[in-house]
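Chain and residue survey
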Amino acid sequence: MTRLVFDHLTTWITAAASEHSLDLAAHVEERTGASHRAVLAALKRLVEAGWLTRSGTSRRPQFGPGSLRQVVRSYTLYGLQEDLPWQRDFAPHFALPRHVERMIQHGFTELVNNAADHSGGSSVTVSLRQTPTHAQLLVSDDGVGVFDKICTAFQLEDPQHAMLELSKGRLTSAPDAHTGRGLFFSSQLADVFDIHANNTAYQRRAWESAGWKKGRALPREGSSIYMAIALNTTRTLDGIMAAWSIAGDGIEFDQTRVQLRLLTTDGQALDSRAAARRVGSRLTTFKRAEIDFDGVTDVGHGFTDELFRVFAKAHPQIELVAINTSPRIAALVQSARAG
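Conventions adopted
- Residues numbered from 1 in each chain as written.
- Predicted model: local features only at pLDDT ≥ 70, side-chain atom pairs only at ≥ 80, totals over all residues.
- Heavy atoms only, no water.
- Helix = DSSP H or I, 4+ residues; strand = E, 2+ residues; numbered from the N terminus.
- Contact = heavy atoms within 4.5 Å.
- Lys, Arg positive; Asp, Glu negative; His and termini not counted.
- Charge placed at Lys NZ, Arg CZ, Asp CG, Glu CD.
- Salt bridge = Lys/Arg side-chain N within 4 Å of Asp/Glu carboxyl O.
- Buried < 20%, exposed > 50% of the residue type's maximum accessible area, 1.4 Å probe, protein only.
- Pairing = 2+ DSSP bridges.
- Axes fitted to C-alpha atoms, helices over the stretch in contact; angles between N-to-C directions.
- Parallel < 35°, antiparallel > 145°, perpendicular 65-115°, else oblique.
- Left-handed = near helix turned anticlockwise from the far one by under 90°.
- Phe/Tyr/Trp six-rings, centres within 6.5 Å; stacked < 30°, edge-to-face > 60°.
- Lys NZ or Arg CZ within 6 Å of the ring centre and 35° of its normal.
- Expected span 1.5 Å × (residues − 1).
- Arc of directions from axis to C-beta.
- Polar contact = N/O pair within 3.5 Å; in protein donor to acceptor, adjacent residues only side chain to side chain.

**Some points on the overall build of the protein chain**
Along the backbone of the protein chain there are 13 helices and twelve strands. Projecting the C-alpha coordinates of the protein chain onto the three principal axes gives extents of approximately 85 × 40 × 35 Å. Residue pairs at least 24 apart in sequence account for 65% of intrachain contacts in the protein chain once pairs closer than 6 positions are excluded. Seen as two clouds, the 37 positive and the 36 negative side-chain charges of the protein chain have centres 4 Å apart.

If you want it as structure tokens, here you go:
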């Protein structure tokens, strides 16, 4: 007789409860091969844990999804249309605040589309979980890994430099088909956002001013991207897009922020013109760029001169704004501008 595994049940019981509310026990028996008695015990436990609701009579019970919900599905990437899994397999089974659902939908479709178009893999697994406080999305593919993909496409040698480019936004290895907005805006929507790929991980926490920082990588190939959004967030998709638009209307993505901490390690100075040129890479696609010195304790004359004099004079249409500078760094930037 089949043994029911509770954690496995939670990956599909939400959809089953939506689709088989009046005959859920019979459906679980047929799907698992477990005994009627074992299924009734499992359903009772799922109700007590908050995965199911139960109404009706003892003879004719009616089940529904509880405050805890989860759907996990795997798809072949070839020919995958990312909107169909969302509409068919996920959206009908969740009860999210409208603005949160809109943000999760955006992240879902963008991340699944990235896996289909860029990963070079054969399959993707998507998990969406709702708790009383958060919506949690995990998209994992078996491709080459996002950092390796960027390094190959843009002739970069270090995953750290790939993360620097990702953090600017508007990064795509297929410019004819994509604008490079998807992963960037998905990360900005989330309270928690993690990227894991081929033994490298970076994480972003919305409540931390430091922005992106290194995380502990998962021991797997391909890419896994996780985002969590609080159900009571005041953040909205339109508001996030507006924040990166100079006009404030969210139409153009024409300003960015460059985290210099992604170019260095603790205690190491930014002292080279080569590093400054990495900062300036692709900034010509923006009208305004904040150069964020948070976490950077020391820079050299060559770095500031290359970025704030040489690059700035070559591209006067771009407004470079130095933020989070120490008094010494601010003086070096001012000296370079004056030069």
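**A short note on the pattern of salt bridges**
Under the criterion given, the structure shown has 17 salt bridges. Linking Lys213 and Glu208 is a salt bridge whose minimum nitrogen-to-oxygen distance equals 3.2 Å. Here Asp298 and Arg328 are joined by a salt bridge, their closest N and O atoms 3.0 Å apart. Taken together, the residues Asp298 in the loop between β11 (288-292) and α12 (301-314) and Arg328 in helix α13 (residues 327-338) connect sequence positions 30 residues apart. Judged by relative accessible area, which is 30%, Asp298 ranks as partly exposed. Relative accessible area serves as the criterion here: at 45%, Arg328 is assigned to the partly exposed category.

**Describing the pairing of strand β10 (residues 255-259)**
Summarising burial for β10: four of the five residues are buried, a large majority. Note: β10 against β11, five bridges, orientation parallel. Within β11, the position partnered with Val258 by the bridge is Ile291.

**Topic: the sheet that holds strand β12 (residues 319-323)**
A sheet is described by the order of its strands in space; here three strands give the open sequence β10-β11-β12, paired in parallel fashion. Two strands lie at the open edges of the sheet, namely β10 and β12, each paired on one side alone. Averaged over all pairs of adjacent strands, the angle between strand axes in this sheet comes to 20 degrees, irrespective of strand direction. Alignment of β11 against β12, held across five bridges, turns out to be parallel. Bridging across to β12, Asp292 finds its partner in Ile323.

**Overview of helix α9 (residues 182-189)**
Across the eight residues of α9, eight count as buried, placing the element largely inside the fold. Of all the residues in α9, the buried ones are Gly182, Leu183, Phe184, Phe185, Ser186, Ser187, Gln188 and Leu189. Check the buried side of α9 and you find it contacts α6 (98-118), α8 (159-168), β6 (192-197), β7 (200-205), β9 (223-230) and α10 (237-243).

**Concerning the packing of helix α11 (residues 273-280) against α12**
At their nearest, the axes of α11 and α12 sit 7 Å apart, and the two run at 40 degrees to each other. As far as their axial angle goes, α12 and α11 are oblique. With respect to the hand of their crossing, α11 and α12 are arranged in right-handed fashion. Between α11 and α12, the contacting residues are Arg273, Ala275, Ala276, Arg277, Val279 and Gly280 on the first element and Gly302, Phe303, Asp305, Glu306, Leu307, Val310 and Phe311 on the second.

**Things to note about the packing of aromatic side chains**
Under the counting rule described, the total for this entry stands at ten aromatic pairs. In textbook terms, an aromatic cluster arises when at least three aromatic residues are bridged by ring pairs, as seen for Phe184, Phe185, Trp244, Phe253 and Phe286. We note Arg31 situated over the ring of Trp12; from NZ or CZ to the ring centre the distance is 3.9 Å. Lying across the ring of Phe6, Arg45 places its NZ or CZ 4.0 Å from the centre.

**Structural notes on α13**
Taking 1.5 Å per residue as the helical rise, α13 with its twelve residues ought to reach 16 Å, and the 16 Å between its terminal C-alpha atoms agrees with that figure. Listing the buried residues of α13 in full gives Ile329, Leu332, Val333 and Ala336. Seen end-on, α13 carries its buried residues on one side only, within an arc spanning 100 degrees. Turned more than 90 degrees off the buried face of α13, the exposed positions are Pro327, Gln334 and Ala338. Taken together, the buried residues of α13 touch α12 and β12.

**Brief notes about the side chain of His196**
Tracing the chain through its elements places His196 in strand β6. Judged by its relative accessible area of 13%, His196 falls in the buried class. Of note is the side chain of His196, whose polar atom sits 3.2 Å from the backbone nitrogen of Leu218.

**Looking at the sheet that holds strand β3 (residues 69-76)**
Judged by pairing direction, the sheet is antiparallel, and its seven strands sit side by side in the order β3-β4-β5-β9-β6-β7-β8 without closing on themselves. Two strands in the sheet have a free side with no partner beyond their single neighbour: β3 and β8 (213-214). As paired elements, β7 and β8 share two bridges and run antiparallel to each other. Each bridged residue has a counterpart across the sheet, and for Gln203 the counterpart in β8 is Lys213. Strands in contact with α6 are β4 (123-130), β5 (134-141) and β9; relative to β5, the strand with the most contacts, it is inclined by about 5 degrees.

Nothing here speaks to function; it is all geometry.
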